Amino acid sequence: MKWIRIIAWIGLLAMTVVLLNGFITGDFTGEGNVLLGMSWGIVSLVDLYAGFALFSCWVAYREKNLLRAIIWIILMMVLGFWAGCLYTLLASYRAGDDVNKLLLGKHAK
């Protein structure tokens, strides 16, 4: 379980740095228009949101509370894998050393 936490912490910190950099130095609208004007920009966004959707299915499956799952899914769609890293990190601490509880949440036995 330790390696999951390490990867989640690294991802959370890296995403925090790049998101802050993007918001501080970038032009969201202008650069977004350029990105959507490129074939590989569209491929990257479809790939990203397919990953978001798949990860969100995992969140919905493992959460006991529907409202909590919906909030995490919205955060994922807005904040990307920053929210995914935070969710994984928090879920790993709640699961303790039980990998089944981490992966299956409410369905763990």
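In this report, the structure presented in the accompanying data block is examined. Predicted, not measured: the structure shown is a model, and the values here were computed from it.

### A closer look at helix α4 (residues 66-79)
Line of reasoning, step 1. Look at α4: 20 Å from first C-alpha to last across 14 residues, which is about the 20 Å you get at 1.5 Å a residue.
Line of reasoning, step 2. Among all positions of α4, only A69, W72 and M76 are buried. With its buried residues spanning 65° around the axis, α4 presents them on a single face. The outward face of α4, more than 90 degrees from its buried face, is lined by the exposed residues L67 and V78.
Line of reasoning, step 3. Looking at the buried side of α4, the elements it contacts are α3 (39-62) and α5 (81-95).

### A few points about the state of the cysteines
Line of reasoning, step 1. Per the stated rule, a full pass over the model turns up zero disulfides.
Line of reasoning, step 2. Distance from the sulfur of C57, which forms no disulfide, to the nearest cysteine sulfur (C85) is 18 Å.

### Thoughts on the packing of aromatic side chains
Line of reasoning, step 1. In total, this model carries seven aromatic pairs according to the counting rule given.
Line of reasoning, step 2. Here Y49 and F52 contribute two aromatic rings whose centre-to-centre distance is 4.7 Å and whose plane-to-plane angle is 75°, an arrangement assigned as edge-to-face. Of this pair, Y49 and F52 are both found in helix α3, three residues apart, which corresponds to roughly one turn of the helix.
Line of reasoning, step 3. Here F52 and F81 contribute two aromatic rings whose centre-to-centre distance is 5.3 Å and whose plane-to-plane angle is 55°, an arrangement assigned as tilted. Residue F52 is found in helix α3, and its partner F81 is found in helix α5; the two are separated by 29 residues along the sequence.
Line of reasoning, step 4. According to the relative accessible area criterion, F81 is partly exposed, its value standing at 30%.

### Points about the side chain of S56
Line of reasoning, step 1. Locating S56 in the fold gives a position in helix α3.
Line of reasoning, step 2. Side-chain polar atoms of S56 contact the backbone oxygen of F52, separated by 2.7 Å.
Line of reasoning, step 3. Discounting residues that sit within four places of it in the chain, S56 has contacts with I73, M76 and M77.

### A short note on the environment of M76
Line of reasoning, step 1. Examined against the element boundaries, M76 turns out to sit in helix α4.
Line of reasoning, step 2. In the structure, M76 is positioned 24 residues away from F52 in sequence and 6.6 Å away in space, judged by C-alpha atoms.
Line of reasoning, step 3. Residues within four places of M76 in sequence aside, it is in contact with F52, F55, S56, F81, A83 and G84.

### Here's the deal with the packing of α4 against α5
Line of reasoning, step 1. Put simply, α4 and α5 touch, their axes get as near as 6 Å, and they point 140° apart. In terms of axis orientation, α4 runs oblique to α5. Of the residues in α5, those touching α4 at R68, W72, L75, M76 and L79 are F81, W82, A83, G84, L86, Y87, L90 and R94.
Line of reasoning, step 2. Residues belonging to the contact of α4 with α5 are distributed by class as follows: ten nonpolar, one polar and two charged.

### Quick word on the layout of surface pockets
Empty pockets left among the atoms are what a rolling probe the size of a water molecule brings to light.
Line of reasoning, step 1. By volume, the largest pocket amounts to about 750 Å³.
Line of reasoning, step 2. If you go around the largest pocket, you meet 21 residues; those closest to its centre are L19, F23, F28, L48 and V78.
Line of reasoning, step 3. Elements represented by at least two residues in the lining of the largest pocket include exactly α1 (2-25), α2 (28-36), α3 and α4.
Line of reasoning, step 4. Looking at the lining of the largest pocket, its residues break down into 15 nonpolar, four polar and two charged.
Line of reasoning, step 5. Approximately 230 Å³ is the volume found for the second largest pocket.
Line of reasoning, step 6. As for the second largest pocket, its lining consists of R62, E63, K64, N65, R68, A91, R94, A95, K101, G105 and K106.

So, how was this worked out
- Residues numbered from 1 in each chain as written.
- Predicted model: local features only at pLDDT ≥ 70, side-chain atom pairs only at ≥ 80, totals over all residues.
- Heavy atoms only, no water.
- Helix = DSSP H or I, 4+ residues; strand = E, 2+ residues; numbered from the N terminus.
- Expected span 1.5 Å × (residues − 1).
- Buried < 20%, exposed > 50% of the residue type's maximum accessible area, 1.4 Å probe, protein only.
- Arc of directions from axis to C-beta.
- Contact = heavy atoms within 4.5 Å.
- Disulfide = S-S within 2.5 Å.
- Phe/Tyr/Trp six-rings, centres within 6.5 Å; stacked < 30°, edge-to-face > 60°.
- Polar contact = N/O pair within 3.5 Å; in protein donor to acceptor, adjacent residues only side chain to side chain.
- Axes fitted to C-alpha atoms, helices over the stretch in contact; angles between N-to-C directions.
- Parallel < 35°, antiparallel > 145°, perpendicular 65-115°, else oblique.
- Nonpolar A, V, L, I, M, F, W, Y, C, P; charged D, E, K, R; others polar.
- 1 Å grid on protein atoms, 1.4 Å probe; cavity = no way out; pocket = protein on both sides within 12 Å on 5 of 7 lines; lining within 4 Å.
- Points joined across faces, edges and corners; volume = space filled by probe spheres on them.

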